[in-house]
Amino acid sequence: IRKWQQERVERKLRGEYESALLHLDALVSSVSILLFFFSNLNHQIKQNVDQPFRLSSVLVTGASQTRPSFLRWLLAPHLYTADSDTSTFKDVLQATSKITYKMAETDIFASVVPRLEPSREPSARLGDLQLVLQTRQRGRFFLKTATELGDQDGNVSLQVRLRNVLGGAETLDGSLSSGLRTRLAGHVSLGAPIRPD
């Protein structure tokens, strides 16, 4: 019985070993195919990144409450490297990344989704691309009220924030409070970008 059991264990181990070898062989084959595929893909990406492309225009959709002159002012510093005759696809991708970041940094957009597509302008050349930025603006108004009551003291306060007031990422903040000790107190501030960076 012991001999039979030992042979059975050896057969089982031999079967598991052969099965593991088959799985390992299949895994090595799969990995070598993937490595070949990714090396070719990496080579193609490197070739495409160095191809001559030019960012010929930028279209911003969903920014109905933002001035076009403000958008031009904001985006102009990031276009100079991607709109020349010597620019490559890598330059276009870098400009797209910077522009998307700047648009999100203004805090007037809840989302900014970039998309590159061939230019549709009549004067477009081969390799001209158009950057389409699909945006969704944040809410423009914020209102908060608060009431505080304590031992021989009471206070009522109102806080207001208006975002993108004049269409150029301006923010108008105001607060007003009144209470038993302080009759009336207020604060108003206006913030606006002074440089595109």
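See the structure shown above.
Throughout what follows, the structure given in this document is the object of discussion. Note that the structure is predicted; figures quoted are calculated from it, not measured. (Residues numbered from 1 in each chain as written. Predicted model: local features only at pLDDT ≥ 70, side-chain atom pairs only at ≥ 80, totals over all residues. Heavy atoms only, no water.)

Quick look at helix α2 (residues 68–75)
Move 1: Taken together, the buried positions of α2 are occupied by Phe70, Leu71, Leu74 and Leu75. Considered in projection along α2, the buried side chains sweep an arc of 120° and stay on one side of the axis. Set apart from the buried face of α2 by more than 90 degrees, the exposed residues are Pro68 and Arg72.
Move 2: Where α2 is buried, its residues meet β1 (54–61), α3 (89–105) and β2 (109–118). (Buried < 20%, exposed > 50% of the residue type's maximum accessible area, 1.4 Å probe, protein only. Helix = DSSP H or I, 4+ residues; strand = E, 2+ residues; numbered from the N terminus. Arc of directions from axis to C-beta. Contact = heavy atoms within 4.5 Å.)

Remarks on the sheet that holds strand β4 (residues 141–150)
Move 1: With respect to topology, four strands assemble into an open sheet ordered β4-β5-β6-β7, the strand pairing being antiparallel. Either end of the sheet is taken by a strand with one partner, and the two such strands are β4 and β7 (185–191). Pairs of neighbouring strands in the sheet enclose a mean axial angle of 10°, with direction left out of account.
Move 2: As paired strands, strand β5 (residues 153–163) and strand β6 (residues 171–179) are joined by nine bridges and run antiparallel to one another. When the sheet's bridge partners are listed, serine 157 is paired in β6 with serine 177. (Pairing = 2+ DSSP bridges. Axes fitted to C-alpha atoms, helices over the stretch in contact; angles between N-to-C directions.)

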